[in-house]
Amino acid sequence: MAMARVSSGLAYPDRFYAASAYAGFGGSPNSSSKGVTSKFSNDVALLLYALYQQASVGPCNIPKPRGWSPVEQSKWTSWNGLGNMASTEAMRLFVKILEEEDPGWYSRASNFISEPVVDVEMNHTSKAELLNKNEVALPETQTIPTENGTSVETQDKAIVVEGLGIVDVFDQWVAPSVSGPCPKPRYEHAAAIVDNRMYIFGGNHNGRYLSDLQALDLQRWEWSKIEAKTNSEAPLKVAPCAGHSLIAWEGNKLIAIAGHTKDPSELIQVKAFDLQTYTWSTMKTYGKPPVSRGGQSVTVVGTSLVIFGGQDASRTLLNDLHILDLETMTWDEIDTLGVSPSPRSDHAAAVHADRYLLIFGGGTHSTCFNDLHVLDMQTMEWSRPTQQGEIPSPRAGHAGVTIGGNWFIAGGGDNKSGVSETVVLNMSTLAWSVVTTVQGRVPLASEGLSLVLSSYNGEDILVSFGGYNGRYSNEVHLLKPSHKSSLPSTTMGTPALDSISGAQHAANGTRDVELDYGAGQDGKIREIRMDNNEPQTVKVDEVSEQSIMALKAEREELESSLSKEKSESLHLKQELLEAESRNADVYKELQSVRGQLAEEQSRCFKLEVDVAELRQKLQTMDSLQKELEILQRQKAASEEAYAKQKESSGGVWGWLAGNSPPKP
């Protein structure tokens, strides 16, 4: 096996030195960009200065300035605020921030950057050649070194294309020979599988966001670029983005959601690519969308998307939870119970048993995590269970897929180096184990790679693409999980997670029995080992017939219990439906009675009004009666007085005759 000398992207610390020289730090004579820091905002310039000092000098040990200028005061405060951050971590953050602020710095600085060359193992001696940084080596066979120093040669043992190709090696990453125009190297892209084709959308290359859509045929291993067509009715130009998510939906659509863009919108946008018409469209949503972000996790649960965390356009880390119903296209912000995971981005998420949302890892601007959080989506309560087995190291930018009750996670980094091991979590027992480990600066030990689940001849295959570990990658790698690494979960489902729920809701002790059963079953199934000298030979320790019979008996008993539980559940559901039906009838009667009562109340009110009016009229009649009586008395008195006067005067004719009235 010969060693070929090929050029690669700059690795650390050389990449940091090039970036600092480009930004005007260090006084490099090669730098053609002195004073470039003047084009950054004050906050960014101070942060770059602090990271440069931390990386090149170390933690700030000088006393706080007293008589210096405000600029020097700000520099000291920014540097001192980094504390004891490692120099390697400061280097990576310096480069990352420069790439975000000036995406094209590497291409402009390449005129004076002298790239190193690295040794690459080749399977043949006659075709070693020198490649520049923009070329991609695609040998017919590749070798991936493993942890024990052995190597897996992919020419005749790992994969053969066009019908003969199946991955014969378990639990080892192999690189297939691909054809067609390879996509540009990238990371922070998104990938999805539809009809045995892996679609790659967007990503970050040399700090520039991408908007291309590429497809890899997983039967012929051939790349092709998807040219989007313009819809004359509603033309849509998709903005380049990175840190987004891509979801396969309805068998003929790709949903692209969230992501960082050059000109970010205020709220998350949801776009769809139709694989039949080859057109992009913006999906109209209802409710209140989350704030725009990238580096979030998007998990499919039934007909909904569950979005957690990420980083918004102002670099603020998030830990909020939102759900998008894909049937109604309605957003819903969820208020959860318990202690939520701390704000983070570039984590991984998975769903188990259509009930539990698992969040693993991720990071802040300076720290990476290896914590595991579980959200019970029935009660919407967070918990942080105890992890079992070989707990992975802290990481961010990793990717994961689920096979049954197992969660495979590959890649990621800790701001110092890429993570070399591929791990698997049994989501029923929350036990970790290492599937395989790679050596050296290979794409599998990268941040921002993608990982999808495909199948070949009915067997599951993990497919990874891209990533960044000091250089951008566009390589494809495959892994076929063994029966050991993809061990099915126990028949009863989720004993460890059920125990979490039981602790929260005072459940009985039956789940402990399930947990004991799961642990016992794991102990009875012998470990599958691979001979280092013959990678294709799998040896399985013999399992006694008595143990198999015992397992079968336990399984039948558990299946019988499960059947009874299902029957009882159906009976309870039927009773619930009947009760709901009765409640509906009672509710209708109640509504009818309420209507009648309202009518009676209205009539009563009208009667009260009539009574009040009659009372008022009665009072008026009494007053008139009294006035009439007074008038009658006055009339009677007047008539009596008149009669007396007439008698005393002799009448009118006596007066005319001259008779004087008699004296009294």
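Preceding this paragraph is the structure being described.
Scope of this entry: the structure provided in the associated data block. Since the model is a prediction, treat every value here as computed from it, not as a measurement. Within each chain, residue numbers correspond to sequence positions counted from 1 in written order. The predicted origin of the model limits local features to residues at a pLDDT of at least 70 and limits the giving and counting of side-chain atom pairs to 80 or more, whereas totals for whole chains, interfaces and linings rest on all residues. Note that the side-chain values use all heavy atoms of the structure and ignore hydrogens as well as water.

**Topic: the sheet that holds strand S23 (residues 388-389)**
Overall, mixed pairing links the 5 strands, which are arranged S23-S27-S26-S25-S24 in an open sheet. Among the strands making up the open sheet, the edge pair consists of S23 and strand S24 (396-403). Strands were regarded as paired on the criterion that DSSP finds at least two bridges between them. In this text, helices come from DSSP runs of H or I with a minimum length of four residues, and strands from runs of E with a minimum of two, each type numbered from the N-terminal end.

**Looking at the packing of helix H1 (residues 14-22) against helix H4 (residues 87-101)**
Here, axes are lines fitted to C-alpha atoms. For helices the fit covers the stretch in contact, and angles between N-to-C directions go from 0 to 180 degrees. Where H1 meets H4, the closest approach of the two axes is 9 Å, and the angle between their N-to-C directions is 50°. What the angle tells us is that H1 and H4 run oblique. When you trace H1 past H4, the crossing you get is left-handed. Contacts between H1 and H4 involve Arg15, Phe16, Tyr17, Ala19, Ser20 and Tyr22 on the former and, on the latter, Met91, Phe94, Val95, Leu98 and Glu99. Here the contact of H1 with H4 is built from residues that sort into 8 nonpolar, 1 polar and 2 charged. Angular relationships are summarised with four words: roughly parallel below 35 degrees, roughly antiparallel beyond 145, roughly perpendicular across 65 to 115, and oblique for the angles in between. Helix crossings get a hand from a simple test, with the near helix turned counterclockwise from the far one by less than a right angle marking a left-handed crossing and a clockwise turn marking a right-handed one. Any two residues whose heavy atoms approach within 4.5 Å are treated as being in contact. The classification used treats Ala, Val, Leu, Ile, Met, Phe, Trp, Tyr, Cys and Pro as nonpolar, Asp, Glu, Lys and Arg as charged, and all other residues, Gly among them, as polar.

**Notes on the packing of aromatic side chains**
Centres within 6.5 Å are what make two rings of Phe, Tyr or Trp a pair, Trp counting through its six-membered ring; a difference in plane orientation under 30 degrees is then read as stacked, over 60 as edge-to-face, and the rest as tilted. Within the structure shown, the criterion is met by 14 aromatic pairs. Look at phenylalanine 16 and phenylalanine 94: their rings are 5.4 Å apart centre to centre, the planes differ by 80°, and that puts the pair in the edge-to-face class. Note that phenylalanine 16 is positioned in helix H1 and phenylalanine 94 in helix H4, a separation of 78 residues in sequence. This pair shows no difference in class: phenylalanine 16 is buried, exactly as phenylalanine 94 is. Judged by centre distance (5.8 Å) and plane angle (75°), the ring pair of phenylalanine 25 and phenylalanine 94 falls under edge-to-face. Within this pair, whereas phenylalanine 25 is found in the loop between H1 and helix H2 (42-56), its partner phenylalanine 94 is found in helix H4, the two being separated by 69 residues in sequence. Assessed through its relative accessible area of 13%, phenylalanine 25 is described here as buried. By the ring-pair criterion, three or more aromatic residues cluster together here, those being Phe16, Tyr17, Phe25, Tyr52 and Phe94. Geometrically, a charge over a ring is one whose NZ (Lys) or CZ (Arg) sits within 6 Å of the ring centre while staying within 35 degrees of the ring normal. Note that lysine 75 overlies the ring of tyrosine 49, its terminal NZ or CZ placed 5.0 Å from the centroid. The buried label applies to any residue whose accessible area, calculated with a 1.4 Å probe on protein chains only, is under 20% of its type's maximum; exposed applies above 50%, and partly exposed to all values in between.

**Remarks on the environment of proline 481**
Looking at where proline 481 falls in the secondary structure, it is placed in the loop between strand S30 (476-479) and helix H6 (495-505). Under the relative-accessibility criterion, proline 481 is labelled buried at 10%.

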